[in-house]
Amino acid sequence: MTFDKFIILDYVNKKSLKLEFSNTQNLIVGKRNKIGKSSIVKSLFYTLGYNNGSSMPDGWIYNNMKFKLFFTNNGESSYIIRHQDLFYVEGSEKPLDEKEYRYWFQNLLGIDYRLKLSREKEIQNANEYKIYASAVIMPFYIDQDISWRGTPYKSEVMGMYGQSSY
């Protein structure tokens, strides 16, 4: 998956940002701190389904924003729009909730990650045990704001499955 273009629309404050990416490497740089570099990276992960809203910078009210990511995957162009807890994806007539989005996202990436079940549970619906998009992309998420304090990344993602699930 390569990112082509990213649009952030703050519809309350009537502001927007449009970024276009190279199909090779991209660097997000700035001449000083606190100008939005981390906010862009965190917004990209948020758009992909990572639940990092609690770590968004002060003043970055993501619930007042819509995020649209244009990408290319296996030669096919597509998009993901995220607004709050809903995902709008190409090919779906209705918005997807987080549960529906996890199926779509894993299918897009050609993966099938599931939770390991405890012995006492029987599989009635195998899809119920697919992990959420947050857990799929968690290994790639590094919050450098927290990393400066000595922790590579901090995630509440794994806690969502309970103790017996990981």
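What counts and how
- Residues numbered from 1 in each chain as written.
- Predicted model: local features only at pLDDT ≥ 70, side-chain atom pairs only at ≥ 80, totals over all residues.
- Heavy atoms only, no water.
- Buried < 20%, exposed > 50% of the residue type's maximum accessible area, 1.4 Å probe, protein only.
- Helix = DSSP H or I, 4+ residues; strand = E, 2+ residues; numbered from the N terminus.
- Pairing = 2+ DSSP bridges.
- Salt bridge = Lys/Arg side-chain N within 4 Å of Asp/Glu carboxyl O.
- Expected span 1.5 Å × (residues − 1).
- Contact = heavy atoms within 4.5 Å.
- Polar contact = N/O pair within 3.5 Å; in protein donor to acceptor, adjacent residues only side chain to side chain.
- Core = buried A, V, L, I, M, F, W, Y, C linked by side-chain atoms within 4.5 Å.
- Axes fitted to C-alpha atoms, helices over the stretch in contact; angles between N-to-C directions.

Thoughts on the pairing of strand β3 (residues 65–73)
- Of the two faces of β3, only one is covered, namely that formed by Met 65, Phe 67, Leu 69, Phe 71 and Asn 73; the face formed by Lys 66, Lys 68, Phe 70 and Thr 72 stays uncovered.
- For strand β1 (residues 2–10) and β3, the ladder comprises eight bridges, and the chain directions are antiparallel. Opposite Lys 5, over in β3, you have Phe 70 as the bridge partner.
- Sheet topology note: the β3/strand β4 (residues 76–83) ladder contains seven bridges and is antiparallel. The residue of β4 that forms the bridge with Asn 73 is Glu 76.

A word on the pattern of salt bridges
- Applying the stated criterion across every chain yields a total of three salt bridges.
- The shortest N-O distance in the salt bridge between Glu 20 and Lys 18 comes to 3.4 Å.
- Ionic pairing is found between Glu 100 and Lys 94, a salt bridge with its closest N-O pair at 2.8 Å.

Description of helix α2 (residues 98–109)
- The first and last C-alpha atoms of α2 sit 16 Å apart over 12 residues, in line with the 16 Å expected at 1.5 Å per residue.
- Of all the residues in α2, the buried ones are Tyr 101, Arg 102, Trp 104, Phe 105, Gln 106 and Leu 108.
- For α2, the secondary structure elements touched by its buried residues are α1 (37–48), β3, β4, β5 (86–89) and α3 (133–137).
- Here α2 starts with a cap whose side-chain oxygen sits 3.1 Å from the backbone nitrogen of Lys 99, and that cap is Asp 97.
- In the stretch just after α2, Gly 110 is the one whose phi turns positive, near 70°.

Thoughts on the nonpolar core
- Grouped together as the largest cluster of nonpolar side chains are 29 residues, with contacts concentrated most on Phe 6, Ile 80, Tyr 101, Trp 104, Phe 105 and Ile 137.
- Elements with a contribution of two residues or more to this core: β1, α1, β3, β5, α2 and α3.
- Counting residues per element, this core draws most heavily on α1, which supplies five residues.
- Once residues within four sequence positions are removed from consideration, Trp 104 is found in contact with Phe 71, Tyr 79, Ile 80, Val 89, Glu 90 and Leu 96.

What about α1?
- Taking 1.5 Å as the rise per residue, α1 with 12 residues should run 16 Å; its terminal C-alpha atoms sit 17 Å apart, in good agreement.
- The buried count for α1 comes to 10 of 12 residues, which makes it a mostly enclosed element.
- Along α1, the residues that are buried comprise Ser 38, Ser 39, Ile 40, Lys 42, Ser 43, Leu 44, Phe 45, Tyr 46, Thr 47 and Leu 48.
- Just downstream of α1, Gly 49 is the residue with a positive phi angle, here 115°.

Structural notes on the pairing of strand β2 (residues 15–20)
- Judged by how many residues are buried, β2 sits mostly at the surface: zero of six residues are covered.
- Hairpin connection from β1 to β2: four residues lie between these consecutive antiparallel strands, with Lys 14 at a positive phi of about 55°.

Brief notes about the side chain of Arg 82
- Structurally, Arg 82 is set in strand β4.
- For Arg 82, the side chain forms a polar contact with the main-chain oxygen of Gln 84, separated by 2.9 Å.

Some details on the sheet that holds β4
- What the five strands build is an open sheet, ordered β2-β1-β3-β4-β5; its pairing is antiparallel. Both edges of this open sheet fall to β2 and β5, since each of them pairs with a single strand only. On average, each strand axis in the sheet is inclined to that of its neighbour by 15°, with strand direction left out of account.
- Bridge analysis of β1 against β2 gives six bridges, and the strand direction is antiparallel. Across the sheet, residue Lys 5 finds its bridge partner in β2, namely Glu 20.
- Lying over the sheet, α1 contacts β1, β2, β3, β4 and β5, oriented at roughly 100° with respect to β1.

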